[in-house]
Amino acid sequence: MKTTRRRFLEAVPTGAALAVLRSASGAAVPEPGPFTIWYQQPAAKWEEALAVGNGRLGAMIFGGVEKERLQLNEITVWSGSLEQNADKPEAYKSLPAIRKLIDEGKYADAGKIVGAERLCLKGGRYGRDSYGSYQTLGDLNLEFPAPAGSVTGYRRWLDINEAIAGVTWQAGGDTWMREIFSSAVDRALVVRVSCSRKGAVSFHARLSRVKFAETRPLGSGTLVMTGTSTGQPGDLRFEAQVRAVAKGGTVTAGDGIEVKDADEALIFLTAGTDYVLDYAKSYKGEDPHPAVTRDLEKASKRAFAAIKSDHLRDYQGYFHRVSLDLGTTANAALPTDERLRKFSAGEDDAALVSLFYQFGRYLLISSSRPDNPLPSNSQGIWGDGLSLPWGCDYKSNINFQMNYWPAETANLGECHKPMLRAIEGLVAPGEKTAKAYFDSPGWAMAYTTNAWGWTAPGPGTPWGPFMCGGAWVCQHLWEHYSFNRDRAYLTRVYPVMKGAAEACLAMLAPDENGKLVTSPSTSPENSFRTDDGQAAWTCAGTAVERQIIWELFNNTTMAARTLGVDAGFREKLETAKASIRPPEIGHAGQLMEWGKDWDLNAREMGHRHISHLFALHPGRQIDPLRTPELADAAKKSLALRGDEGTGWSKAWKINCWARLHDGEHAYKLIREQLTAVDSTRTNYSNGGGTYLNLFDAHPPFQIDGNFGALSGITEMLVQSHLLYDDDRYLLHLLPALPPLWADGEVKGLRARGGVELDIAWRGGKAVSATLRPSVDATCRILAPKGQKIEGIRSAKGATVLHPASDGTIEVKLSIASIWQIRFA
Ligand code: FUC
């Protein structure tokens, strides 16, 4: 299929969509544009509904003509509570016996003791007891009179350029429309119901929840729903309020809100809970009623046009920072479900990939605003039911981190903040965990966390006792600094990194050659068979734990050096880092996953976790430019694992192939990730893909695959993870461009060192690049393979190029100048 250039992608002006039909009050029905995800039928199930969110308050829109269901979420609606007895206080006493068994090669026996002594004491089961689960807030149901005549021209959409969803249809000569968005400025979900005929708008609105809530009228045209997460005393309390305001007609409230014969109606919904992210307060905050009431009073007094324009200014302030043009094909004109099905069947649709890319950015902006009370969870903020898959928590052996991989690179650094705050909040509970399991200072988190500061190991094996979750999430603290260079921020988070490093020192023990390894150690959720036939999952020194700790020690020493603090501790970490057993290559040429060469005896050769590739991505210890043999071994490991997997597993592999500079293989995985999936049954091995609403399918729905793919596509275009000097970075332009994306343009990506950049390419070759440093930055630049940098200049003149022996060019870029690169 022929690919034609598309010029309109970048910054489509607000309201540019064609106004073909107008409602009685002037609301215009928009036509689908390049940023519209749209369908010609209502959602038949939750995975077809469309998501809106303001970071905290979200809805899934089903779009029925007579019955509209808005399934509601508020990010702090969680069952469970702080578990004070999660840690086994004397678990550390088992360490010597376990280490001895491991040293003797009795891995299965060592695993038995870990299972008996080093899991949590209490809690930890998703959806049950104190661990709890993220939950639905409830539903806003709208019921309309039967349409006068047959329905034609039905369309349901989500415009991610505006973060506004809508539904339109015609019946009996009338045109109907609903527009729905969640405003961060007004802290409210806003719905406008309009019709081309005056006085035609009538409906009944209700608030409901499967359990544990009651609704009552509150003054004219307002309902309030209050409840608790599981109906038990001490539970989290929530409240939602909804109000209808009509132009013309009447509004009354009883068990629901009745709007009759209006020209147009606005519905406002506000919500909150008594949750606060504060361990010292046992996560119990204030009664939500005053804030929910205040938000409703404020929003419902404002005009729709004012709310909408504030919403657009706010949302587009994030969204418009990046544009991506990979070309477009005829399929771009089709409804999104058809496009996805055709793409799954092998048809080309480059614009679907860029839409999916921008949808990932939309999802992060919509589930993780800077002031969010909690970070984006494993379903972002969108989930129906009282007990969601895996508690819908923050699984820290990959999933939590993957949600935030693209935050900095895709120019949404502020959206990273909820995660960074949550990490700081793990120190207090994590100190108990470090003390209990390692008798050490500092803090640790095992394989997962939840709204209640869970840091203990899980209640089962092999997943529960992975103890490096805390060390892993600390990578994000340093990354936020390396992209933004804010010393005040680094000063605040440095003690968090240091605390995690202190606990890691206690996790390490010397191996038979005096090299440091973790013991006991696991490779997340995978197990092996030893050469003498033991089926086990505990050993010493899994690759992932050594790599995570290397990364943490590396970042913590750089942070201490940047801040000029802690010389003694820094030295201790540097010495320890140099003694950590480095990544190893096994007999099949692969990167070894465990402490011994057992990869070919793995219980599951195609296991979805590729933990031992941490050093390739998201780490930086392995890279084709610096450690080509290890990079080849990583490639071999990827081949042994295969491309099958869950949605997030495929997404991780996109990042890995991008880091291996293999754009073709990365693109193969993007194609597989964009396979239309219908099933919601949990599949751990080979069901990964994308639902018709473009949510990632594990299956079931898990948002990390959306964010992981966003990160992976960004890594294909720019990489900046390699340091060539203390805290100075190498900018690698177009490191993994697939042949199919011959012509394209990306604008507004961010690189470490504080640089924003644009690149345009034709025929697979870079034609121009622009760098906008946000600090004075010295960096090195590597041109795409086969190309050279001829010059870099700004309006003030050219910068001197210092070619280095590795083919890179060192340049000094001053802030407040825009630098243009010329390629040969
Ligand atoms: C980890 C993964 C599963 C799933 C769960 C939420 O345990 O192994 O595949 O993603 O987290």
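Residues numbered from 1 in each chain as written. Predicted model: local features only at pLDDT ≥ 70, side-chain atom pairs only at ≥ 80, totals over all residues. Heavy atoms only, no water.

Chemist: Break down unusual backbone geometry for me, citing the residues and quoting the values.
Modeler: Here the residue pair T461 and P462 is connected by a cis peptide bond, since its omega of 0° sits within 30 degrees of zero. The step from S519 to P520 runs through a cis peptide bond, and the omega angle for that step is 0°. Along the chain, the position of P520 falls in the loop between β21 (516–518) and β22 (528–529). One non-glycine residue, F212, lies in the positive phi region at around 65°. Looking at the element boundaries, F212 is found in the loop between β10 (201–208) and β11 (213–217). Looking at F212, the relative accessible area reads 32%, which means it is partly exposed. Located in the positive-phi region is C392, a residue other than glycine, with phi close to 55°. In this structure, C392 sits in the loop between α6 (350–367) and β18 (394–395). Owing to a relative accessible area of 0%, C392 belongs among the buried residues under this scheme. (Helix = DSSP H or I, 4+ residues; strand = E, 2+ residues; numbered from the N terminus. Buried < 20%, exposed > 50% of the residue type's maximum accessible area, 1.4 Å probe, protein only.)

Chemist: Please give an account of the site of the ligand that cites residues and values.
Modeler: Neighbouring the ligand are the residues W390, K395, N399, E525, R608, H609, W648, Y684, H698 and Q702. Within the side chain of H609, one N or O atom sits 2.6 Å away from an oxygen atom of the ligand. In the complex, 97% of the free accessible area of the ligand, which totals 290 Å², lies under the protein chains. Among the residues making up the shell around the ligand, the classes are represented as three nonpolar, four polar and three charged. (Near = heavy atom within 4 Å. Polar contact = N/O pair within 3.5 Å; in protein donor to acceptor, adjacent residues only side chain to side chain. Areas by Shrake-Rupley, 256 points an atom, 1.4 Å probe, with all protein chains shown as cover. Nonpolar A, V, L, I, M, F, W, Y, C, P; charged D, E, K, R; others polar.)

Chemist: Can you explain the sheet that holds strand β12 (residues 222–228)? Please cite residues and give values.
Modeler: Within a beta sheet, neighbouring strands are joined by backbone hydrogen bonds and run either parallel or antiparallel to one another. In spatial order, the strands read β1-β6-β7-β8-β9-β16-β13-β12-β11; together these nine strands make up an open sheet with antiparallel pairing. The two strands at the open ends of the sheet, each matched to only one other strand, are β1 (36–39) and β11. Sheet twist, expressed as the mean angle between neighbouring strand axes with direction ignored, is 15°. Where strand β9 (residues 188–195) and strand β16 (residues 264–273) come together, six bridges link them in antiparallel fashion. Across the sheet, V191 pairs through a bridge with I267, a residue of β16. (Pairing = 2+ DSSP bridges. Axes fitted to C-alpha atoms, helices over the stretch in contact; angles between N-to-C directions.)

Chemist: How would you sum up the side chain of T76? Please name residues and give values.
Modeler: By the secondary structure assignment, T76 is in the loop between β4 (67–74) and α1 (95–103). The exposure class of T76 is buried, given its relative accessible area of 2%. In this structure the side chain of T76 is engaged in a polar contact, spanning 2.5 Å, whose partner is the side chain of E74. A distance of 2.6 Å separates polar atoms of two side chains, one belonging to T76 and the other to T273. Contacts of T76, omitting those with residues within four sequence positions, involve L236, T273, Y275, P373 and L374. (Contact = heavy atoms within 4.5 Å.)

Chemist: With reference to specific residues and values, describe the packing of helix α11 (residues 469–484) against helix α12 (residues 487–507).
Modeler: Running from N to C, α11 and α12 cross one another at 160°; their axes reach a closest spacing of 10 Å. By the angle between their directions, the pair α11 and α12 is classed as roughly antiparallel. The handedness of the crossing between α11 and α12 comes out as left-handed. Contact residues: A471, C474, H476, L477, W478, H480 and Y481 in α11; R487, Y489, L490, V493, V496, M497, A500 and C504 in α12. Residues that form the contact of α11 with α12 fall into these classes: twelve nonpolar, two polar and one charged. (Parallel < 35°, antiparallel > 145°, perpendicular 65-115°, else oblique. Left-handed = near helix turned anticlockwise from the far one by under 90°.)

Chemist: Break down the state of the cysteines for me, with residues and values.
Modeler: One pass over the full model with this rule turns up zero disulfides. With no disulfide partner, C539 has as its closest neighbouring cysteine sulfur the one in C468, 12 Å distant. (Disulfide = S-S within 2.5 Å.)

Chemist: Describe in detail the sheet that holds strand β5 (residues 138–143), supporting the description with residues and values.
Modeler: With respect to topology, seven strands assemble into an open sheet ordered β2-β3-β4-β5-β10-β15-β14, the strand pairing being antiparallel. On the outer flanks of this sheet lie β2 (50–53) and β14 (250–253), each paired with one strand and no other. Neighbour-to-neighbour, the strand axes of this sheet turn through a mean angle of 20°, independent of strand direction. Of the strand pairs in this sheet, β5 and β10 are connected by five bridges, and their pairing is antiparallel.

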